[in-house]
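For reference, the chains in residue letters:
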Amino acid sequence: MGVGFFMITATALELRAGARLLLEAATFQVSAGDKIGLGGRNGAGKGRLARVLAGDSLPAAGEVSSGGSVGYLPQDTRVGNLEALAMDRVLSARGLDALMAGMREAEVAMSDADPGKRDAAVRRYGHLEERLTVLGGYAAESEAASLASSLGLPQKVLRQSLRTLSGGQRRRIELARILFGGSETLLLDEPTNHLDADSVSWLRDHLRAFRGGLVVISHDTALLDNVVNKVFHLDADRSVLDIYSLGWKAYLDQRETDARRRRRERVNAERLATTLQSQADKMRAKATKARAAQSMQKRAEKLLAGVSADRKADKVARLRFPVPVHCGKTPLTAQGLTKSYGSLEVFASVDMAVDRGARVVILGLNGAGKTTLLRLLAGVEEADAGEVLPGHGLRLGYYAQEHEMLDNDRTVLENMRSAAPELTEADHRGILGSFLFSGDDVAKPAGVLSGGEKTRLALALLVVSGANVLLLDEPTNNLDPGSRAEILAAFRRYQGAIVLVTHDEGAVEALQPERVVLLPDGVEDAWSDDLTDLVALA
């Protein structure tokens, strides 16, 4: 696989979102050695383009061909058999999971009391082991475990079923599977979501050393700065893909230079077109000069058609919580919460009290049960022991990191209607508009939305909930910097209580927490700024 070899070729590619044109007649290649950052504002179609390049979706027109294998990590990674072991899910990238499962079954059968069944199991085990050796054998399993460990997944997690894992752990398993697959081209949509600081650092180094083609969508500017050597910018105003053979920082500077140049060209063209139009209007008064006037009119139109419109400012979600409904002094209490999945105990005897207007952060390493605790508090799952006690006037709002509270079969507008049936249609559309859903966007099924769009819809539903206690699980994932800043400011202004799980140090800083719950021990204590460094590692 030499540098310059085309891994993906797109020809006359056209993308649409309903009737809206996102990309027109784009032709480009992804070559071995390309480390491409895919940029563009909210709604430009970055995720849609990634799906098309991966072969998971069809373009409106044009075609995509691949010169090798492609590994694709979408934002929504809830795929696969949830009963499968995490290690088997990683091994499935090379087709090794079925062999390992068969060997485990044969091991059990080798202890059968029937000699015939026992002998057959021995022969089957030997046959499967021989095939495993041909495909890389136990070294492949060791490689998968090492890769998973680099992403913060210890051996005990790999031995668990996917159903018992948190959303963040499943996301890491899926990333490990994609990297373990050995694909010649990687398409990664927000790969640093749910990763701690050490895992992000390891991933940067891994992608820098990767010799195949890479296309990455990310709001992690440090990752882009360190990895990217080319940028594809999807311009939503012009429906074109601008290609910059530059690193990320140089691309940002060049893009501003290009925008200023296009503005100058536009101003000059409009000035000249106005002069031509004025002259044409004067000449139309004379019948003998009507043809010349028509010619000038066409020249003016051609001038304006040849320049780009001014670049629109990137849109950001606008979020403002209403005053929450009144509640008692302590609207939410938990006593002795214990949760296990099979033989794995996640945590035991966790107590906590959430006072009116409190700011609480839940901290713990991956797998310590942060998401599970929020799910118990929200009533989405039941504890094995202990209880959750609602206080006077409690109204909960729960933001789930996997967006499972959204009804994927219903449209954006229908989800909003269900969440706030008392509001008018105009109110529904107005709130959705402030979260960048307008026009035909509100008619999309929630299931087809990108990760960022699902985040915005879930937050919009929180706004209309009237909740006085918000349970937030990684609420800043998938957000562009502008929307993230707006939403963190809204959380800071919110008058109700917030219980937060996050890897985002900026989110904790904005929240200004008063209390912390440390898992898996369940210790509740006063917040200390000394704990801030643990947030990115959690």
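In what follows, the accompanying structure is described.

Reading guide: rules and limits
Every residue gets a number counted from 1 within its own chain, in the order that chain's sequence is written. Per-residue local features are limited, in this predicted model, to residues with pLDDT of at least 70; the limit for side-chain atom pairs, both in listing and counting, is 80 or more; totals at the level of whole chains, interfaces and linings are taken over all residues. Excluded from the side-chain calculation are hydrogens and water; included are all heavy atoms of the structure. Working definition: helices are DSSP H or I runs of at least four residues, strands are E runs of at least two. Numbering for both runs from the N terminus. Exposure is judged per residue with a 1.4 Å probe applied to protein chains only, and the accessible area is read against the type maximum: over 50% gives exposed, under 20% gives buried, and values in between give partly exposed. Neither His nor the chain ends contribute to the count of charged residues, in which Lys and Arg are positive and Asp and Glu negative. Each charge is placed at NZ for Lys, CZ for Arg, CG for Asp and CD for Glu. When a carboxyl oxygen of Asp or Glu lies within 4 Å of a side-chain nitrogen of Lys or Arg, that pair is called a salt bridge. Strands were regarded as paired on the criterion that DSSP finds at least two bridges between them. Angles shown run from 0 to 180 degrees and are taken between the N-to-C directions of axes, each axis being a line fitted to C-alpha atoms and, for helices, limited to the stretch in contact. A pair of aromatic rings is counted whenever rings of Phe, Tyr or Trp (Trp by its six-membered ring) have centres within 6.5 Å, and the orientation is called stacked for planes under 30 degrees apart, edge-to-face for over 60 and tilted otherwise. Here, a charge over a ring means that NZ of Lys or CZ of Arg falls within 6 Å of the ring centre while also lying within 35 degrees of the ring normal. Here the angle decides the label: under 35 degrees means roughly parallel, over 145 means roughly antiparallel, 65 to 115 means roughly perpendicular, and every other value means oblique. The sense of a crossing depends on the near helix, which, turned anticlockwise from the far helix by less than a right angle, makes the crossing left-handed and, turned clockwise, makes it right-handed. The contact definition used throughout considers only heavy atoms, calling two residues in contact when any of these lie within 4.5 Å. Ten residues, namely Ala, Val, Leu, Ile, Met, Phe, Trp, Tyr, Cys and Pro, are considered nonpolar, four, namely Asp, Glu, Lys and Arg, are considered charged, and the remaining ones, Gly among them, are considered polar. Think of the arc as the fan of directions from the helix axis to the C-beta atoms.

### Some remarks on the overall build of the protein
Piece 1. Looking only at helices and strands, one finds 18 helices and 18 strands in the protein.
Piece 2. Across its three principal axes, the protein shows a C-alpha extent of roughly 110 × 65 × 40 Å.
Piece 3. When each of the 538 residues of the protein is scored for burial, the buried share is 48%.
Piece 4. Charge centroids of the protein, computed over 67 positive and 71 negative side chains, lie 10 Å from each other.

### Some details on the pattern of salt bridges
Piece 1. Per the stated rule, a full pass over the model turns up 22 salt bridges.
Piece 2. Arg 172 is the salt-bridge partner of Asp 196, the closest N and O atoms lying 3.9 Å from each other. In this pair, Asp 196 is assigned in the loop between β6 (185-189) and α8 (197-209) and Arg 172 in helix α7 (residues 167-180), connecting sequence segments 24 residues apart.
Piece 3. Among the residues examined, Asp 196 registers a relative accessible area of 11% and is labelled buried.
Piece 4. Residue classification places Arg 172 among the buried positions, given a relative accessible area of 0%.
Piece 5. Across the pair Arg 484 and Asp 504 runs a salt bridge whose closest N-O atoms are separated by 2.9 Å. Of this pair, Arg 484 sits in helix α16 (residues 481-493) while Asp 504 sits in the loop between β16 (497-501) and α17 (505-511), and the two are 20 residues apart along the sequence.
Piece 6. Given a relative accessible area of 26%, Arg 484 falls into the partly exposed group.

### With respect to the sheet that holds strand β15 (residues 469-473)
Piece 1. Taken in spatial order, the 6 strands of this open sheet run β14-β15-β16-β12-β17-β18, and their pairing is mixed. Only two strands of the sheet have a single neighbouring strand rather than two, namely β14 (396-399) and β18 (523-526). For this sheet, the mean inter-axis angle between neighbouring strands, taken without regard to orientation, is 15 degrees.
Piece 2. Where β14 meets β15, 4 bridges bridge the pair, whose relative direction is parallel. Each bridged residue has a counterpart across the sheet, and for Leu 396 the counterpart in β15 is Val 469.

### Observations concerning the packing of aromatic side chains
Piece 1. Within this structure, the stated rule accounts for 5 aromatic pairs.
Piece 2. The interplanar angle of 70 degrees and the centroid separation of 5.2 Å between the aromatic rings of Tyr 244 and Tyr 251 together place this pair among those described as edge-to-face.
Piece 3. In this structure Tyr 251 comes out as buried when scored by relative accessible area, which is 2%.
Piece 4. Site record: aromatic cluster; members linked through ring pairs are Tyr 244, Trp 248 and Tyr 251.
Piece 5. Here the basic side chain of Arg 94 rests over the ring of Phe 180, its NZ or CZ set 3.8 Å away from the ring centre.

### Some remarks on the packing of helix α3 (residues 97-109) against helix α4 (residues 115-134)
Piece 1. One way to put it is that α3 packs onto α4 with a least axis distance of 8 Å and a crossing angle of 155 degrees. Taken together, the axes of α3 and α4 are roughly antiparallel relative to one another. In this structure, the crossing between α3 and α4 has a hand that is left-handed. Contacts from Leu 99, Met 100, Gly 102, Met 103, Ala 106, Glu 107 and Ala 109 of α3 reach α4 at Lys 117, Arg 118, Ala 121, Arg 124, Tyr 125, Leu 128, Glu 129, Arg 131 and Leu 132.
Piece 2. A breakdown of the residues in the contact of α3 with α4 according to their chemical character gives 9 nonpolar, 1 polar and 6 charged.

### A look at the pairing of β18
Piece 1. As paired elements, strand β17 (residues 515-518) and β18 share 4 bridges and run antiparallel to each other. Counterpart to Leu 518 in the pairing with β18 is Val 523.
Piece 2. What sits between β17 and β18 in their antiparallel hairpin is a turn of 4 residues, with Gly 522 showing a positive phi close to 75 degrees.

### Structural notes on the sheet that holds β6
Piece 1. If you trace the 6 strands from one edge of the open sheet to the other, you get β5-β6-β7-β3-β8-β9, paired in mixed fashion. Two strands close off the open sheet at either side, each with one partner strand: β5 (70-73) and β9 (240-244). With direction set aside, neighbouring strand axes in the sheet form an average angle of 15 degrees.
Piece 2. Pairing geometry for β6 and strand β7 (residues 213-217), over 5 bridges, is parallel. Of the residues in β7, the one forming a bridge with Thr 185 is Gly 213.
Piece 3. Here helix α1 (residues 46-54) sits on the sheet in contact with β3 (35-39), β5, β6, β7, β8 (230-235) and β9, set at roughly 150 degrees to β5.

### Comments concerning the environment of Asp 407
Piece 1. On the secondary structure map, Asp 407 appears in the loop between β14 and α13 (412-419).
Piece 2. Taking relative accessible area as the criterion, Asp 407 reaches 33% and is therefore assigned partly exposed.
Piece 3. For Asp 407 and Ser 418, which are 11 residues apart along the polypeptide, the C-alpha to C-alpha distance reads 9.7 Å.
Piece 4. The contact partners of Asp 407, leaving out residues within four places of it in the chain, are Asn 415 and Ala 446.

### What about unusual backbone geometry?
Trans peptide bonds make up the majority, and among non-glycine residues the majority have a negative phi.
Piece 1. With omega at 10 degrees, the peptide bond leading from Leu 519 into Pro 520 counts as cis.
Piece 2. Take Pro 520: it is sitting in the loop between β17 and β18.
Piece 3. If you check the backbone angles, Ser 239 has positive phi at about 55 degrees while not being a glycine.
Piece 4. Mapped onto the fold, Ser 239 is located in the loop between β8 and β9.
Piece 5. Taking the relative accessible area as the measure of exposure, Ser 239 reaches 9% and is therefore buried.

### A few points about α13
Piece 1. Along α13, the positions that sit buried rather than exposed are Val 412, Leu 413, Asn 415 and Met 416. Around the axis of α13, the buried residues are gathered within 160 degrees of arc, so they sit on the same side.
Piece 2. Residues of α13 that are buried make contact with α14 (425-434) and α15 (451-463).

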